[in-house]
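Below, each chain spelled out in residue letters.
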Amino acid sequence: MKKAVWIVALVALPGLFGGCFVRGYATVPTVEAHVVAPPPPTIVGSVSVSTPPPPTIVGTLSPVVVGTAQAYTTTCNPNAAEVLNGIDDNCNGMVDEGFVGTGTLQFALSWASTADLDLHVFDPHGFEIDYEDGQRASPSGGQLDRDDRGACYTEEDPIVTDNSENVYWAGNPPGGHYSVHVHNYDACNSYGATTFVLTVLMGGEAQAFQATVQPGEDTEVISFDL
Ligand SMILES: [Ca+2]
Ligand SMILES: [Ca+2]
Ligand SMILES: [Ca+2]
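Residues numbered from 1 in each chain as written. Chains lettered and ligands numbered in written order. Predicted model: local features only at pLDDT ≥ 70, side-chain atom pairs only at ≥ 80, totals over all residues.

### Some thoughts on the nonpolar core
- One finds Phe107, Leu109, Leu117, Val182, Phe196, Leu198 and Val221 to be the most contacted residues of the largest nonpolar core, which totals 37 residues.
- Taken together, the elements giving at least two residues each to this core come down to strand S3 (105-111), strand S4 (116-122), strand S7 (164-169), strand S8 (177-186), strand S9 (194-202), strand S10 (205-213) and strand S11 (218-225).
- Looking at this core, the element that brings in the most residues is S9, giving six residues.
- Setting aside chain neighbours within four positions, we find Val221 in contact with Val66, Gly67, Ala69, Val180, His181, Val182, Leu198, Phe209 and Ala211. (Core = buried A, V, L, I, M, F, W, Y, C linked by C-beta atoms within 7 Å. Buried ≥ 20, exposed ≤ 12 C-beta atoms within 10 Å, placed from the backbone. Helix = DSSP H or I, 4+ residues; strand = E, 2+ residues; numbered from the N terminus. Contact = placed C-beta atoms within 7 Å.)

Pasting the structure below:
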């Protein structure tokens, strides 16, 4: 076979034998580096997170006083320590933070007698949030996280000088009609009416009201539309 014929054969061989023709030299394979990002760290255990500032929500706070409640003037001081008393002591737009939950909407009830008062909040869906099992948290996100029993059940709550109940929405509360009641569930060793302060806080703005409630009485204190 002549030289030209051999060249044609060598070129045609890979096609004839399924591409198995091996040339007389080898190429060095290229190794591509694939960098795989590590998975995000897994947080084990609890993480201490400082209390965030209250989120702002759309709407204005304009409670309607239904009963005999009067506006109650509170004072605050940025340098004061927050204590459990139903008001914003340190002017930071949160009531009793560190003791109870606070958020976009909060209702804080406080009183000084030994009676067992109860805070009842009716949300726009008609759900009644109160101390009873199954009613402490509403599907709309509201919840009662503190129920105080005055001096009635000192075995459960031996401290009777910091009577306070609290209902709050951590996220945005639903729009609609709200109604807040206070019930003098049991006078215990109190005689006559108990004076209380109800503070409503929305988006960092607080208003406080003062009223009295007789033993056994259930009174609607404020209502408003959001
Ligand atoms: Ca505060
Ligand atoms: Ca306080
Ligand atoms: Ca109570």
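Next, the rest of the story.
### Observations concerning the sheet that holds strand S2 (residues 70-71)
- Spatial strand order, S2-S10-S9-S3-S7-S6: six strands in an open sheet with antiparallel pairing. Of all strands in the sheet, those bounded by a partner on one side alone are S2 and strand S6 (142-146).
- Direction of pairing for S3 relative to S7: antiparallel, over a ladder of six bridges. From the neighbouring strand, Gln106 faces S7, where its bridge partner is Tyr168. (Pairing = 2+ DSSP bridges.)

### Observations concerning the environment of Leu201
- Within the fold, Leu201 resides in strand S9.
- When sequence neighbours within four positions are dropped, the list of residues in contact with Leu201 reads Val95, Gln106 and Ala206.

### A few points about the sheet that holds strand S5 (residues 128-129)
- One open sheet accounts for five strands, arranged S1-S11-S8-S4-S5; its pairing is antiparallel. For this open sheet the edge positions go to strand S1 (64-65) and S5, each flanked by a neighbour on one side alone.
- In this structure, S4 lies alongside S8, joined through seven bridges in antiparallel fashion. Bridging from a neighbouring strand, Val121 pairs with Val180 of S8.

### Digging into unusual backbone geometry
- Its identity as a non-glycine residue notwithstanding, Cys91 has a phi of 60 degrees, on the positive side.
- Within the element layout of this structure, Cys91 appears in the loop between S2 and S3.
- The backbone of Asp96 shows a phi angle near 60 degrees, a positive value even though the residue is not glycine.
- Tracing the backbone through its elements, the reader meets Asp96 in the loop between S2 and S3.
- Residue Asp96 is classed as buried on the basis of its C-beta count, with 26 C-beta atoms lying within 10 Å.

### Overview of the confidence of the model for the protein chain
- When the pLDDT values of the protein chain are averaged, the result is 80; 70% of them are 70 or greater.
- Mean pLDDT per element in the protein chain: helix H1 (residues 3-16) is the minimum at 42, and S5 is the maximum at 98.
- Contacts for the low-pLDDT stretch residues 1-28, under 50 throughout, to residues beyond four places or in other chains number five contacts. (pLDDT = per-residue confidence, 0-100.)

### Comments concerning the pairing of S7
- Taking burial as the measure, the six residues of S7 include six buried ones, the bulk of the element.
- Residues Ser164, Asn166 and Tyr168 line one face of S7 and the alternating positions Glu165, Val167 and Trp169 line the opposite face, and both faces are buried.
- Relative to S7, S6 runs antiparallel, the two being bridged by four bridges. Residue pairing in the sheet places Gly142 in a bridge with Trp169 of S7.

### What about the environment of Ala69?
- Relative to the helices and strands, Ala69 resides in the loop between S1 and S2.
- C-alpha separation for the pair Ala69 and Phe196, spaced 127 residues apart in sequence, amounts to 9.5 Å.
- Leaving out residues up to four positions away in the same chain, Ala69 has contacts with Phe209, Gln210, Ala211, Val221 and Ile222.

### Remarks on the pairing of S9
- By the criterion of burial, S9 is predominantly enclosed, with eight of the nine residues buried.
- Bridging between S3 and S9 involves seven bridges; their strand directions are antiparallel. Looking across to S9, one finds that Ser110 is bridged to Val197.
- Judged from the nine bridges that link them, S9 and S10 form a sheet pairing that is antiparallel. Paired with Thr194 across the two strands is Val213, which belongs to S10.
- Hairpin connection from S9 to S10: two residues lie between these consecutive antiparallel strands, with Gly203 at a positive phi of about 55 degrees.

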